[in-house]
Structures are given as structure tokens and as C-alpha cells.
Amino acid sequence: MDETDLFIIERMTEDARVSFRKIAKELGVSPDTIISRYKTLQEKGVIRGSTVVINPKKIGYHGMAVFMIDASPTHILATEATPTESSLILEKLIQMRNIILSTKTVGDHDLLAIGVARDFEHLITMGADIAKIPGVKDLRVSFWVEKAELCPKYFII
Amino acid sequence: MSDNVIKILGMELVKNDIIRFLSQNSITYRVIIRIILGQTGYHMPPKIKIDKIDIAIIRALQKDARANFASIARDCGVSTDTISKRFRRMKKAGIIRGTTILLNPKSFGYDCVASLGIDVSYPHLREVIELIRRIPEVVFCATSMGSYDIFCIAVLKNVGRLSQVKDLVKGHPMVREVTTSIWVNEILLCPENFEFEHLNR
């Protein structure tokens, strides 16, 4: 990665729809250079994709919650090929509505999911739905409302 | 009721009279003025109705922010102009904050993403928040209810640095406990799980 790449990344972080011609003009290079650089960055996995950032509050989601999940032990000797309990839970989690991030974790819990909730009732329903996933042993939740103390302009999750 | 007349506690009052009456420069009065005149900085967001087309735009852009407006228009059976107008309208209303690219932290030498759950002595919450705000690696921090008092997400160079950050936070006299969870490689972002359909009623 060089200065040009970083410039492209910087501009596109601010606005993913910015025209390549505009970036090219600002850098004094040809639009083709920018396009090929962008493609390379994608191929190398530096840029994983692009998305639109929604303000949840504006569409009636007043809270966010983090669910910390413990998976029950399987008592099966896992090999590389057998899916583990937490992988199965993860698969279910990412299909759940309003869960916008999920990951396996190392530490206090086995999995973590972040979701958006319309209100208390919704939050509790979401918790109950997660608890219903087979293999979930325990569930803990923390939730917050209104704005966060520290949050990047484009917080995807 | 004219613009200059407001209704407080069932009484119709003329704004200018109240200002004259309350402008005693005491802080309380100033606050009251601000509240009754609606200058608290709080205002209701403009309510705009979201319909099928708006949802189609958001759904397309969630997958690829550079999606072609012309092709979204074709799918919806409307003009490209309509799509860009709708996009601008949602941006103006604050529903859409913007568009951005998703980067891989590893490409920039940040190998460790972790969340920190912090328990504090609640009356001293702000002091701990101030400490956390000064840690550059913490990208998100919210005061929360439930399991933890503060929930943070940090993007760090390595696990060693995570340990340093944990020790730093734990060093604060008002912190009771810090629990860390390291996020394993496959962090799955699924903004498309966001439900909008209930809005289209």
C-alpha cells in the first residue's frame, strides 16, 4: 500500500459512492489508475466491501444490546472437519433479524452478538429467541440507549 | 394561536411578555425560557414515510454502496431520478448517515479486535469514561445497563496491547472488574438483518 491507496481508502471511507474520476482529478492521475488500485485493494482483502450506514434511532430503534452467549459443551472430540457447537450457534445467530454483528470470542463467553431493539419488549423477545437456539447454555445481556460515549462517524455495527 | 403565543399549564401567554418577565439573568430562568421557547436543542426529527422504494434502495446499498442507481430504478420500475431523489431525501432526514467501505483491520497491522465489559462503582462512571476516551484503540464505548456498566470495543495491534489496555483500565481505583473477549477471525457483519419492513405500513 502506498499514498495513493491510502488516499483512495480515506476518500471512500467518508463516501463510498464518490466517483473515481473525482479521486483521480484530486490526485492528478487517470481514472483507470484509481479503478485498478481499487480492484487490487479488494482482491487483497484490504477493502472487504461497502455499505450504507443507517441511523437506527431515526427508524424507531431506540436501543442496542450486546448478547454474550455460552455454548454448552458437546462432549464430542472435535476434529477439524466437525462443526463445533459454537459454529452452529453462530450460523443461527447471523440469520436472526436485527442481529447486526456476531462473532465467536475467546474469553469470558463463547459468542457475542450485537443487535438493535425497538423497545424493551423487543429486546426481551430477542433475548428469548437467542436462548431458544439449540446448544445455548447461558445468555447475558448489556444494553444501551441514545448515543454512545465514543463512536466513529460510520459505526457499522 | 399565533406564533407569538404559547400555551403553558393551560394559560395562553405572549412569548415576549414571558421573556421580559423572566430575563432576570438567573440560570433557572434562562433554562425555563429555553424550555418554553423550545430552544433546548431537542427537536423531533422530520417524520418521513418509508416505502417499498426506499427500502429497496437501502437493501441494495447495504450489499454494495456503489450500486448503480439505474439498476435499482429498473428493479423498482421507476426512473433513476426518483432513486437519487429518494436517496438524497433519506440522507437529509438523517435516516442514511452516509456510505462507507468495510476495511480489514489486519491489513493495517491491527490483529486483535476485542470487547471489554467494565464494572465500575456507578457514581464514578464518568471518571472511568474519561479514562477510556483517552485510549486511542477504543473505537466504541457506551454506558450500558445489564451485565456491564460500560461496554467498549477496541481494535488493537496484538493481544499484548490488549493486556496493557486492560491493565490500564483496571488500574483506575473506581473500576471493579474488567472482562475481555477477543473476537475470533470471522466477525460477521450483517447489516441486512436490519428490519425496515415494519415501517412500510
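Residues numbered from 1 in each chain as written. Chains lettered and ligands numbered in written order. Predicted model: local features only at pLDDT ≥ 70, side-chain atom pairs only at ≥ 80, totals over all residues.

K.L.:
Help me understand the overall build of chain A, please; the structure alone is not making it clear to me.
P.N.:
A count of helices and strands for chain A gives 5 helices and 5 strands. Classification of the 157 residues of chain A by burial places 34% in the buried group. For chain A, restricting intrachain contacts to residue pairs at least 6 apart in sequence, the fraction spanning at least 24 positions comes to 57%. (Helix = DSSP H or I, 4+ residues; strand = E, 2+ residues; numbered from the N terminus. Buried ≥ 20, exposed ≤ 12 C-beta atoms within 10 Å, placed from the backbone. Contact = placed C-beta atoms within 7 Å.)

K.L.:
Hey, could you run me through the overall build of chain B in this one?
P.N.:
Looking only at helices and strands, chain B features 7 helices and 9 strands. The proportion of buried residues among the 201 residues of chain B is 25%. Long-range contacts, defined here as pairs at least 24 residues apart, represent 57% of the contacts in chain B between residues at least 6 apart.

K.L.:
Looking at this structure, I do not really get the pairing of strand β8 (residues 175-183) of chain B. What am I missing?
P.N.:
Look at any regular strand and the pattern is simple: side chains alternate between the two faces of the sheet. Sheet topology places strand β3 (residues 99-107) of chain A next to β8(B); 3 bridges connect them, and they run antiparallel. Bridged to A:Thr105 within β8(B) is B:Trp183. Two strands pair when backbone bridges link them, and strand β4 (residues 112-120) of chain B and β8(B) are joined in this way by 7 bridges, in the antiparallel orientation. Bridge pairing links B:Ala114 to B:Ile182 in β8(B). (Pairing = 2+ DSSP bridges.)

K.L.:
I tried to follow the interface of chain B and chain A on my own but got confused; where do I start?
P.N.:
You'll often see interface size given as the accessible area lost when the parts meet. The partner chain A presents 53 residues to the 53 residues of chain B that form the contact. A total of 8 residues in the side of chain B that touches chain A trace back to one element, the largest contributor, which is strand β3 (residues 96-103) of chain B. Of the residues that constitute the side of chain B that touches chain A, the class distribution is 30 nonpolar, 17 polar and 6 charged. Of the strand pairs in this sheet, β3(A) and strand β9 (residues 188-189) of chain B are connected by 2 bridges, and their pairing is antiparallel. Looking at the pairing, A:Leu101 lines up with B:Leu189 of β9(B). (Nonpolar A, V, L, I, M, F, W, Y, C, P; charged D, E, K, R; others polar.)

K.L.:
Just to check I follow, could you spell out the pairing of strand β5 (residues 136-145) of chain A for this structure?
P.N.:
Strand direction decides the pairing type here: strand β2 (residues 63-71) of chain A and β5(A), joined by 9 bridges, are antiparallel. Counterpart to A:Asp70 in the pairing with β5(A) is A:Asp138. Summarising the sheet, β5(A) and strand β6 (residues 145-146) of chain B pair through 2 bridges and their orientation is antiparallel. If you follow A:Phe143 over to β6(B), its bridge partner there is B:Met145.

K.L.:
Help me understand the nonpolar core in this model?
P.N.:
Grouped burial of nonpolar side chains is what soluble globular proteins tend to show. Residues A:Ile69, A:Ala113, B:Ile118 and B:Ile150 are the most contacted members of the largest nonpolar core, which totals 75 residues. Residue contributions to this core peak at 7 residues, all from β2(A). Apart from the residues within four sequence positions on either side, A:Ala113 is in contact with A:Phe67, A:Ile69, A:Leu93, A:Ile99, A:Leu101 and A:Ser102. (Core = buried A, V, L, I, M, F, W, Y, C linked by C-beta atoms within 7 Å.)

K.L.:
What is the right way to look at the environment of A:Ile47 in this model?
P.N.:
Here A:Ile47 shows up in strand β1 (residues 47-54). Residues A:Ile47 and A:Thr84, 37 residues apart in the sequence, show an inter-C-alpha distance of 29 Å. A:Ile47 has contacts with A:Leu41, A:Gln42, B:Ile101 and B:Leu103, leaving out every residue within four places of it along the chain.

K.L.:
I tried to follow the packing of helix α1 (residues 3-14) of chain A against helix α3 (residues 31-43) of chain A on my own but got confused; where do I start?
P.N.:
Two measures define how a pair of helices packs: the angle their axes make with one another and the distance between the axes. Residue and element names in this part refer to chain A. For the pair α1 and α3, the least separation of the axes is 10 Å and the interaxial angle reads 85 degrees. Looking at the two axes, α1 sits roughly perpendicular to α3. Counted together, Thr-4, Asp-5 and Ile-8 of α1 and Ile-34, Arg-37, Tyr-38 and Leu-41 of α3 form the full contact between these two elements. Of the residues assigned to the contact of α1 with α3, the class counts are 4 nonpolar, 1 polar and 2 charged. (Axes fitted to C-alpha atoms, helices over the stretch in contact; angles between N-to-C directions. Parallel < 35°, antiparallel > 145°, perpendicular 65-115°, else oblique.)

K.L.:
Teacher, can you tell me more about unusual backbone geometry here?
P.N.:
Excluding glycine, most residues fall at negative phi; most peptide bonds, likewise, are trans. The phi dihedral of A:Asn98 is positive, around 70 degrees, even though this residue is not glycine. You can see A:Asn98 is positioned in the loop between α4 (85-93) and β3.

K.L.:
Any chance you could explain α4(A) here in plain terms?
P.N.:
Given 3.6 residues to a turn, an α-helix orients residues that are three or four positions apart in the same direction. Residues and elements named next belong to chain A. Looking only at α4, the buried set comprises Ser-86, Ile-89, Leu-90 and Leu-93. Projected down its long axis, α4 carries its buried residues within an arc of 105 degrees, all on one side. In this structure, the buried residues of α4 make contact with β2, β3, β4 (111-117) and β5. (Arc of directions from axis to C-beta.)

K.L.:
Mind showing me how you'd approach the confidence of the model for chain B here?
P.N.:
The predicted coordinates of low-pLDDT regions are not to be read in fine detail. Residue and element names in this part refer to chain B. Looking at chain B as a whole, its pLDDT mean stands at 80, while 74% of the residues score no less than 70. Mean pLDDT across the elements of chain B bottoms out in helix α2 (residues 27-36) (50) and peaks in helix α7 (residues 159-170) (94). Contacts of residues 37-46 to residues separated by more than four positions or lying in other chains number 8 contacts, the stretch itself having pLDDT below 50. (pLDDT = per-residue confidence, 0-100.)

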